[in-house]
Amino acid sequence: MDNIKNGKKPDKGFINQGISMSDGRTVYVDPKDVYLDKIHNTAADRKDIEKAKKKMMTPFDRKIISVLWVLNIAVVAFIGIYLNVTNEGDAYDEIKKEAHFESEEGFLGYFSSEDVFAEALTPNYNETQYPDGIIEGFKPLYSENNDTVAWIRIGGTTVDHVVLQTDNHDDYLRTTFHGDYYVGGSIFMDYRNQLRTGGHETLAKNTILYGHYLKNQRGMFSDLDKYMDVEYYKEHPVIELSTLYGNFKWKIIGAFIAAYNEKDDNALFYYWNDDFSDECTLGYANEVAFRSYFQNPSVDVLPSDKFITLSTCSHALDVGGMVNARFVVVARLVRYGESAEVDTSTAVDNPDRRMPQLWYDLQKLENPYKDYAIWQAY
């Protein structure tokens with residue numbers, strides 16, 4: 001152990017090995033001798049180490065550290081409050097200001113982009129190749145990022161975002177519209193959904209959008225779990241989706257929790273199926289209503305109807321830090337000639353809703369629906 005020097009910092013090459021249990025001074029060790037100091041400290045040893053640390057720290061040092069801790073907590077709390085109150089945590093605020101526009105023609109209708117969009121999103125008409133039939137109002141966004149496919153909005157909520165799409169579900173998981181890293185990522189459409197010029201008939205049976213739930217701030221799909229409350233549903237019963245080619249509205253039919261990994265695969269509701277037959281449609285709608293926190297008989301479903309599904313993370317079934325669930329909101333397309341108004345007076349809570357098997361396990365309850373059949377797509 002000749003290469004161990006106690007207290008005084010040695011020549012270059014030695015490393016800090018910790019605190020001496022005998023006098024509390026720092027021990028520096030030659031790297032080749034580190035293995036000699038590998039010991040297992042007993043409880044008594046650990047007490048001696050703590051005493052040695054205190055000897056090395058003056059009362060003034062401890063006071064300064066305490067003050068710094070208090071300041072640190074205050075700063076963190078202030079930032080959290082600031083983000084929630086001002087919504088500055090939402091990386092898309094500027095895009096909303098630049099892109100969102102109401103017109104007599106409807107949500108994100110036809111308008112002069114030069115009058116609405118900031119210079120940062122002024123379209124380069126000379127270089128951008130636009131899809132045939134694109135709505136004029138989308139050109140500034142599309143010229144900035146040609147992964148743009150839609151804009152989603154739920155009036156009175158923070159769901160008010162550009163929708164992006166690539167050939168996978170990873171590109172915008174942690175990436176903004178402008179290509180920057182952001183923990184909240186972007187709202188993105190399922191890669192299987194294909195948008196085309198035309199009306200209702202061009203939409204998939206189930207248009208699926210994914211977005212993050214930001215636990216400590218607003219934005220993305222953070223408002224979706226508020227649909228656990230039937231009163232919240234009554235205030236926000238309609239989803240608006242403007243694609244590159246048209247404006248569509250959807251009446252919400254249910255909101256529920258789905259397990260990310262069911263213990264029993266037979267209990268997994270495949271709500272993110274994008275394409276199923278008209279013969280399967282009523283079964284799909286029944287599964288949604290069966291699981292939903294609320295039900296509204298005034299919103300009917302026909303075999304020919306189409307749906308939009310919004311999916312986000314849910315912390316309701318977290319175990320050991322693992323996010324095991326999704327919160328899902330499903331709506332059906334407003335039909336040609338049908339009013340988008342929803343009679344919410346008939347909406348009621350659904351106390352007997354079906355929950356994922358994991359929920360029953362965590363509550364230590366028997367699943368009364370464990371032997372029920374599960375909807376299958378065809």
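The paragraphs below set out a description of the structure included in this document. If you're wondering where the values come from, they're calculated on a predicted model, not measured in any experiment.

### Overview of the pairing of strand S10 (residues 238-243)
A regular strand places its side chains so that they alternate between the two faces of the sheet. In terms of burial, S10 is a largely internal element, six of the six residues being buried. Neither face of S10 is left uncovered, since the one carrying Val238, Glu240 and Ser242 and the one carrying Ile239, Leu241 and Thr243 both have all their residues buried. Here S10 runs beside strand S11 (residues 247-259); their pairing, made up of five bridges, is antiparallel. Pairing of Ser242 across the sheet is with Asn247, part of S11. Connecting S10 to the antiparallel partner S11 that follows it, the hairpin turn spans three residues.

### Description of the pattern of salt bridges
Applying the stated rule across the entire model yields 15 salt bridges. Note that Lys226 and Asp223 form a salt bridge whose closest N and O atoms lie 3.0 Å from each other. In this structure, Lys251 engages Glu338 in a salt bridge whose closest nitrogen and oxygen atoms are separated by 2.9 Å. Here Lys251, found in strand S11, pairs with Glu338, found in the loop between strand S14 (325-333) and strand S15 (348-349); they are 87 residues apart in sequence, far enough to count as distant. For Glu338, a relative accessible area of 23% gives the class partly exposed. Connected through salt bridges with shared partners, the residues Lys251, Asp300, Asp305, Arg332, Arg335 and Glu338 form a single ionic network.

### Brief notes about the sheet that holds S10
Here we have eight strands rolled up into a closed barrel, ordered S6-S7-S8-S9-S13-S14-S11-S10, and mixed in their pairing. Each strand of the sheet is rotated relative to its neighbour by a mean of 30°, with strand direction disregarded. Where strand S6 (residues 148-153) and strand S7 (residues 160-164) come together, five bridges link them in antiparallel fashion. Looking at the pairing, Ile152 lines up with His161 of S7. Across the sheet, helix H7 (residues 278-291) lies against strand S9 (206-210), S11, strand S13 (307-314) and S14, angled at about 60° from S11, the strand it touches most.

Criteria and cut-off values
- Residues numbered from 1 in each chain as written.
- Predicted model: local features only at pLDDT ≥ 70, side-chain atom pairs only at ≥ 80, totals over all residues.
- Heavy atoms only, no water.
- Buried < 20%, exposed > 50% of the residue type's maximum accessible area, 1.4 Å probe, protein only.
- Helix = DSSP H or I, 4+ residues; strand = E, 2+ residues; numbered from the N terminus.
- Pairing = 2+ DSSP bridges.
- Salt bridge = Lys/Arg side-chain N within 4 Å of Asp/Glu carboxyl O.
- Axes fitted to C-alpha atoms, helices over the stretch in contact; angles between N-to-C directions.
- Contact = heavy atoms within 4.5 Å.

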